[in-house]
Amino acid sequence: MARERVGAMKVFLTPLMPFLLFILLPDGTLSSGCPEGCTCSTPESILCYQRRSSTIPRGVGSSTKSLYLFANGIEGLKAEDFDGMENLEMLDLSQNKLTELPDGVFEPLTSLRNLDLSSNQITHISEDCFHGMALLERLYLYSNYIEDIHPAAFNGLDHLLELKLQGNRLTSLPTLSIHGLLLLDLRFNVLPTLGPSDLQTPNLESLKLGGVGLTTLNKELIGSLQNLHELDISGNQLESFPSVLKETPGLIHLSLAGNPMGPLKLEDLQNLGELQELDISSLSLQGLPEEFPQLFPHLRKLTVAENPFNCLCTLSWFPRWLRAQSITLERTEETRCHFPPIHAGRVLERLEHKDFGCPTTTTVTTSTVKTTTTTQPVPVTTTTSTTRALPVPSDSPTDEGDDDLLPPVPASPSSSSKVDTDEEHHFCPPHTCLNGGTCRLDQHGQVECTCPYGTFGLYCENYLIPEEDPKATVTIDAPDISSHQATTTSVLLDLHRYIESRPYIRGIRLTYRNLSGPDRRPIQLSLPASFPEYRLRGLKPNSTYSVCASPLGAPSGVDRVCTEAQTAAESVRGPDAQFDDHKLTTMLVPAIAILSFLVLVAVIVGVVCHLRRKRAKGHLDLDCEPSQLELDGVKTTLDNGALPQKQPQIMIPEPAVQNGNLEYEVLLLQDHCTSNNNMSSHKPSYF
């Protein structure tokens, strides 16, 4: 029975096979309603990607709701192109070559809700180009060349929720009277004077004004946006924290990055407790207030990149807080320490508590050993045993999970031991104090520097004017780059001040040239910003060099600082000298011995020649020179083994000639005698 049913099915399907193949494409999609060069995964969605045609494709059916035509090379639009698409809800025309939008071109699209015209070449928005689009909710016009927008261009778009105009050439904005608008993106235009008359959008939730040239944030404008939750004012010219933000407690996302407003004050942030995302990168911040965690209990994302942080004990809470609250630190690799030099360039989030140089003490009793750090006083029970406070590392606190360690237990009156003040220096990170200052800790565990005479500042970084009142606070501008520790072929460059005064540079372009030689062509090197000192090698002795530093990647001549460096003369032997005393001794001793032997040979040869001249009545045909070896008597000495058969090359360290590879070619001792038996002279050897 089963075989009969199968056979009957084959008989039924065989005549229909050509018809089925006709209506189905190889990929299983329906052939009807799918334009050429496009993919139709469903009858309601058509994707035409890189179709390479300057016109809208033909054959889009009335059932289509989503049409994607990005990167097709479309150069122009006509209203007739959209006939029969009255049900279309999504149209993506991004990344094409459109330069204008004709009036009423989208009128056939009465159901359209989403229109993407980004990344084209549109220069003008006319009054009627969006006419008839009453249901439009999202309009994307970013990354075009738009210079002006007609004041009535958005009239009739009563349902518009999102308008993106970033990355155009706008210098003014028509009054946007869109009651229901929720998102407005105006970034990277030139709009420095936005006011409440420009934005009549009372329900706006997200306003993005990054890089528009703001010098102040209009208080009335922000005050009129009672529903504002996201504000981006990054990359502007705001020199102080906008006071209007203190009256905008509903903000959830805030970006202040890249403004010259300097360090943030605690009172500026007190009314922003609802923030969940905060970007305060590139604000020249050296630290964050310890009350920061209490100010933002709901924070989930934080960006503090490209700030010159001082990674001292006052910032030790930061990495622990990030981990404890599961806060995502954006741009982690760009969030690094700037000071002290031992931690310069290290990623802040990856530092351990011990790396911040916080003080730790150990209380030793007959019963317990407890590791503590100074935060707040606690009651202490003393015992009859002697108690002594000892400095120990802060790697392993006794109470797990409690990173705030307690103060040291005071020594009992009967104890004769006391804390050695010299041991406190172990608590300070190395190289914390500059210019010879002495690092110590105050009673609150904060780092302080005792500065030598002539310097002052938190880290002794400033100089007093000489021959003035020591209490004066006027400083001398020290050079941004300087040189010291010069040898015959190198100088050590000090770049500390150059890097510290430019916390935003990613690297240094170092250019140097020899001012004392005929070849003054500049030589360039690229250094990372984490090199506060750099030894310049391969220089000529007793020469003056011009050394210039500029930010890596900056145009030539921008922020260029120069100095002069002098190398030592050849007689001054520094750490880079090519020959040390031991090597020089081992070379000179054999050389002197060989020279003495050759002098002795010359004397013997002279005596022998003189005696033969006296004995012979005629002159012999013999051209004698001091280094001739084929002589009677001397040959016998050589045959008896007085000298080895193969002489080693004799090297004399002076004079030494430096070649281009920074190696030294030393002239060899050579014979210049022409012997009477036509023996080939000893050829010079080089190494």
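Residues numbered from 1 in each chain as written. Predicted model: local features only at pLDDT ≥ 70, side-chain atom pairs only at ≥ 80, totals over all residues. Heavy atoms only, no water.

### Brief notes about the confidence of the model for the protein chain
Summarising the model, the protein chain shows a mean pLDDT of 74, and 66% of its residues fall at 70 or more. The low-confidence segment residues 465-477 (pLDDT under 50) makes 17 contacts with residues lying over four places distant or belonging to another chain. Note on residues 572-583: pLDDT is under 50 here. Beyond four places in sequence and across chains, it has 14 contacts. (pLDDT = per-residue confidence, 0-100. Contact = heavy atoms within 4.5 Å.)

### Let's talk about the sheet that holds strand β31 (residues 544-551)
Read across the open sheet, the four strands follow the order β29-β28-β31-β32; overall the sheet is antiparallel. Either end of the sheet is taken by a strand with one partner, and the two such strands are β29 (523-528) and β32 (561-566). Each adjacent strand pair in this sheet contributes to an overall mean axis angle of 25 degrees, direction not counted. By the bridge criterion, six bridges tie strand β28 (residues 507-514) to β29 in an arrangement that is antiparallel. Bridge assignment links Y512 to a residue of β29, and that residue is I523. (Pairing = 2+ DSSP bridges. Helix = DSSP H or I, 4+ residues; strand = E, 2+ residues; numbered from the N terminus. Axes fitted to C-alpha atoms, helices over the stretch in contact; angles between N-to-C directions.)

### Focus: the state of the cysteines
As enumerated under the stated definition, the model contains five disulfides in all. Here C38 engages in a disulfide with C48; their sulfurs sit 1.9 Å apart. One disulfide, between C38 and C48, carries an S-S torsion of 105 degrees and so falls in the right-handed class. One end of the pair, C38, is in the loop between α2 (17-23) and β1 (39-42); the other, C48, is in the loop between β2 (45-47) and β3 (66-68), with ten residues separating them in the sequence. Taken as a pair, C38 and C48 share a single burial class, namely buried. With its sulfur 2.0 Å from that of its partner, C548 forms a disulfide with C562. Note on the C548 and C562 pair: the S-S dihedral is about 110 degrees, so by sign convention the disulfide is right-handed. (Disulfide = S-S within 2.5 Å. Buried < 20%, exposed > 50% of the residue type's maximum accessible area, 1.4 Å probe, protein only.)

### What to know about the packing of aromatic side chains
Per the stated rule, a full pass over the model turns up twelve aromatic pairs. Ring geometry for F130 against F154: centres 6.3 Å apart, planes inclined by 15 degrees, an arrangement best described as stacked. Of this pair, F130 sits in the loop between β6 (124-125) and β7 (138-140) while F154 sits in the loop between β8 (148-149) and β9 (162-164); the two residues are 24 residues apart in sequence, bridging distant segments of the chain. Each member of the pair, F130 as well as F154, is classed as buried. Ring plane angle 85 degrees and centroid distance 5.7 Å describe the contact between F292 and W321, whose orientation is recorded as edge-to-face. Of this pair, F292 sits in helix α4 (residues 292-295) while W321 sits in helix α5 (residues 317-324), and the two are 29 residues apart along the sequence. Both residues of the pair, F292 and W321, count as buried. Here the aromatic residues F292, F296, W317, F318 and W321 are joined through ring pairs into a cluster of three or more. (Phe/Tyr/Trp six-rings, centres within 6.5 Å; stacked < 30°, edge-to-face > 60°.)

### Regarding the pairing of β31
Within β31, eight of the eight residues are buried, leaving the element largely enclosed by the surrounding structure. Of the two faces of β31, both are covered, the one formed by T544, S546, C548 and S550 as well as the one formed by Y545, V547, A549 and P551. The pairing of β28 with β31 spans seven bridges and is classified as antiparallel. Looking at β31, one finds that I508 is bridged to P551. Bridge count between β31 and β32: six bridges; the pairing is antiparallel. Each residue of the ladder has a partner; that of S546, found in β32, is E564.

### A word on the pattern of salt bridges
Where charged atoms of side chains with opposite charge meet at close range, the side chains can pair. The full count for this structure, using the stated rule, is 14 salt bridges. Where R187 meets D185, a salt bridge forms, and the shortest distance between an N and an O atom there is 2.9 Å. Classification of R187 by relative accessible area gives partly exposed; the value is 22%. Two residues, R502 and D480, come together in a salt bridge whose shortest N-O distance is 3.0 Å. With R502 in the loop between α6 (496-500) and β28 and D480 in the loop between β25 (462-463) and β26 (482-484), the pair connects residues that are 22 residues apart, well separated along the chain. Residues joined by salt bridges that share partners form a network here, namely R113, E137, R138 and E162. (Salt bridge = Lys/Arg side-chain N within 4 Å of Asp/Glu carboxyl O.)

### Structural notes on the nonpolar core
Of all hydrophobic cores here, the largest spans 100 residues; its most connected members are L91, F106, F130, F292 and F318. Where this core is concerned, the elements lending two or more residues are α3 (219-223), α4 and α5. Counting residues per element, this core draws most heavily on α5, which supplies four residues. F292 has contacts with L269, L278, I280, L299, L302, W317 and W321, leaving out every residue within four places of it along the chain. If you look at the next biggest cluster of nonpolar residues, it comprises 18 residues, including Y498, I499, L510 and L539. (Core = buried A, V, L, I, M, F, W, Y, C linked by side-chain atoms within 4.5 Å.)

### Re the environment of P102
Mapped onto the secondary structure, P102 falls in the loop between β4 (90-92) and β5 (114-116). You can call P102 partly exposed: its relative accessible area is 29%. Taking C-alpha positions, P102 is 8.0 Å from S126, a pair spaced 24 residues apart along the chain. Discounting chain neighbours no more than four positions away, the residues touching P102 are L77 and C129.

### Side note on the side chain of R535
As for its position among the elements, R535 is in strand β30 (residues 533-536). Side chain to side chain, R535 and S490 meet in a polar contact 3.1 Å long. Here R535 is in contact with Q485, T487, S490, V491 and L492, once residues within four sequence places are set aside. (Polar contact = N/O pair within 3.5 Å; in protein donor to acceptor, adjacent residues only side chain to side chain.)

### A word on the side chain of S234
With respect to the helices and strands, S234 occurs in the loop between β12 (230-232) and β13 (253-255). Within the structure, the side chain of S234 is placed 2.8 Å from the side chain of D232, a separation counted as a polar contact. Excluding its chain neighbours within four sequence positions, the residues that come into contact with S234 are L209, G210, G211, S255, L256, A257 and N259.

### Description of α5
Burial analysis of α5 places six of its eight residues in the buried class, the great majority of the element. The elements touched by buried residues of α5 are α4, β15 (301-303) and β17 (328-330). S326 lies just past α5 and shows a positive phi near 55 degrees.

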